[in-house]
Amino acid sequence: MKRQIRMDELVRRIRPAVRDRRPYLVGLPEATTVKLNQNESPYDLPPEIKEEVLREFARIPFNRYPDEFSERLVRTFAAYAGCDPDQVIAGNGSNDLAGLLALALIERGTPVVLPRPMFSLYAKLALLHDGDLLEVPCRENFRFDTDALVEAAKERRPSLIVLATPNNPTGLAMTLDEIAAVADASEGFVVVDEAYLEFSDEGSALRLMDERPNLILLRTFSKACGLAGLRLGFLIAHPDVLRELRKARMPFMIDPLASAAAHILLTAYPDVIEERARRIRQDCVAITDVLSAMEGVEVVPSQANFVLFRTPQDAAELKGRFLREGVLVRSMSGYPELQGFLRVNAGTEVENKAFMTALKSALSV
Ligand SMILES: Cc1ncc(COP(=O)(O)O)c(C=O)c1O
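Residues numbered from 1 in each chain as written. Predicted model: local features only at pLDDT ≥ 70, side-chain atom pairs only at ≥ 80, totals over all residues.

S.K.: When you look at the domain arrangement of the protein chain in this model, what are you seeing that I'm missing?
M.R.: Accessible area lost when the parts come together is the quantity often used to give the size of an interface. Splitting the protein chain by domain gives domain 1 (28-44 + 271-363) and domain 2 (47-269). For domain 1 and domain 2, the distance between their C-alpha centres works out to 25 Å. Residue-level contacts link 25 residues of domain 1 with 24 residues of domain 2. Of all elements in the fold, only α11 (270-292) and β10 (306-310) reach the threshold of two or more residues within the side of domain 1 that touches domain 2. Counting residues per element, the side of domain 1 that touches domain 2 draws most heavily on α11, at seven residues. A class-by-class count of the residues in the side of domain 1 that touches domain 2 yields 13 nonpolar, five polar and seven charged. (Domains from an automatic or database assignment. Contact = placed C-beta atoms within 7 Å. Helix = DSSP H or I, 4+ residues; strand = E, 2+ residues; numbered from the N terminus. Nonpolar A, V, L, I, M, F, W, Y, C, P; charged D, E, K, R; others polar.)

S.K.: Please clarify how the sheet that holds strand β5 (residues 160-164) should be interpreted in this entry.
M.R.: What holds strands together in a sheet is hydrogen bonding between their backbones, with the strands either parallel or antiparallel. Ordered by their spatial adjacency, seven strands build an open sheet running β2-β8-β7-β6-β5-β3-β4, and the pairing between neighbours is mixed. Either end of the sheet is taken by a strand with one partner, and the two such strands are β2 (88-91) and β4 (132-136). Averaged over neighbouring strand pairs, the angle between their axes works out to 20° when direction is ignored. By the bridge criterion, two bridges tie strand β3 (residues 111-115) to β5 in an arrangement that is parallel. Paired with V112 across the strands is L160, a residue of β5. Along the sheet, helix α4 (residues 71-81) contacts β2, β7 (215-220) and β8 (233-236); its crossing angle with β2, the most-contacted strand, is approximately 115°. Lying over the sheet, helix α5 (residues 94-105) contacts β2, β5, β6 (189-193), β7 and β8, oriented at roughly 155° with respect to β7. (Pairing = 2+ DSSP bridges. Axes fitted to C-alpha atoms, helices over the stretch in contact; angles between N-to-C directions.)

S.K.: Which parts of the structure should I look at to understand the packing of α5 against helix α6 (residues 121-128)?
M.R.: Any two packed helices are characterised by how steeply their axes cross, that is the angle between the axes, and by the distance between the axes. Where α5 contacts α6, the axes come no closer than 10 Å and their chain directions differ by 35°. Seen along the crossing, α5 lies across α6 with a hand that is right-handed. Residues N95, A98, G99 and A102 of α5 lie in contact with α6, whose contacting residues are L121, Y122, L125, A126 and L128. Split into classes, the residues belonging to the contact of α5 with α6 amount to seven nonpolar, two polar and no charged. (Left-handed = near helix turned anticlockwise from the far one by under 90°.)

S.K.: Teacher, can you tell me more about the site of the ligand here?
M.R.: Lining the immediate surroundings of the ligand are 13 residues, of which G93, N95, N168, T220 and S222 lie closest. Here the shell around the ligand is built from residues that sort into four nonpolar, eight polar and one charged. (Near = placed C-beta within 6 Å.)

S.K.: Explanation requested: the sheet that holds strand β12 (residues 330-331) in the structure shown.
M.R.: With respect to topology, four strands assemble into an open sheet ordered β9-β10-β13-β12, the strand pairing being antiparallel. Across the chains shown, the open sheet's two edge strands, defined by having one partner strand only, are β9 (298-300) and β12. Strands β9, β10 and β13 (341-345) of the sheet are contacted by α11, whose axis makes an angle of about 10° with β10.

S.K.: Before we go on, may I ask you to explain the packing of α4 against helix α10 (residues 256-268) in this structure?
M.R.: Relative to each other, α4 and α10 sit at 35°, their axes nearing to 10 Å. Remark: the crossing between α4 and α10 carries left-handed chirality. Seen from α4, the contacting residues are R72, L73, T76 and Y80; seen from α10, they are S259, A262, H263, L266 and T267. Here the contact of α4 with α10 is built from residues that sort into four nonpolar, four polar and one charged.

S.K.: What is the right way to read the pairing of β8 from this model?
M.R.: Within a regular strand, side chains alternate between the sheet's two faces. Alternating residues of β8 divide into G233 and L235 and F234 and I236, and every residue in both groups is buried. By the bridge criterion, four bridges tie β7 to β8 in an arrangement that is antiparallel. Along β8, the bridge assignment pairs T220 with G233. (Buried ≥ 20, exposed ≤ 12 C-beta atoms within 10 Å, placed from the backbone.)

The following block contains the structure:
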């Protein structure tokens, strides 16, 4: 007779570190027309570039595996970032590569140090892998506390520290000197998530890597490059480190459509990326200026494609008012230190106007 499996017993075989987490869900209310809640680029690829990508995609045999680690794309990424191909792993979005780092670096009890508040995925990954997580609070102005991070690096000797700069959800950037100080104090790896690099005045930490082989950089195509829907990112590490990380890497992770799009965009149209990043940056400054001029509104000076702000109104209610005007922004109240704050990313001209109009009407009630 077939044995009955009890579901509760079956589910208990899933590691507690997994069962204790929540799935990452942003959700999209149906009535939204102006979507400014996920720090995406508001600009899709121009139709003529899309056509070119689709023509290349149509030539790819669907019945064959692509090459294991997307070598052509790795070379394209390396040329874009200014490093050697033997320093690069391509990923299905940079989140995928953060997952690879967690798999390679964190096991039960591995010390991990993260500043707060930061992109929540890293704490989740540390806990999923049963790491021993220490979160270092920010300073009063939401800047990462570099001295405290240096101290934690020396005392805890973590295998992994992650710095997101410019940071999400604050938009604040660290200087290269601050990153260098943390890397110099650490015997383990210091990962610098540069998702918003193209919008920032600070350069890439790539130039610090020659002297600091413990630095690993993460880059994404979801923000300035406008390819969030295709899922692409890359990791830059010392070749000796990269050789080891590749052993933990699943093969065939890059979709050939995404690969074709990134290759064509980066090699034939880098000016499109630059021009759009510049425009988004200017729009963010304009949004910051409008918010700063409003009475009682606190604004964090952003170097990314979004702005974090707080008004005297309750954040959930204000978000609801925006939503009734079809404008979707993100409440940051899930972070204890960001109670009452909302985050809005720069959109198209029309979207930015819709945000401003909704803001003015919401605050005048
Ligand atoms: C700091 C940071 N890193 C990474 C990501 C996600 O990147 P990807 O789309 O490449 O997985 C985000 C997305 O919001 C982010 O804010």
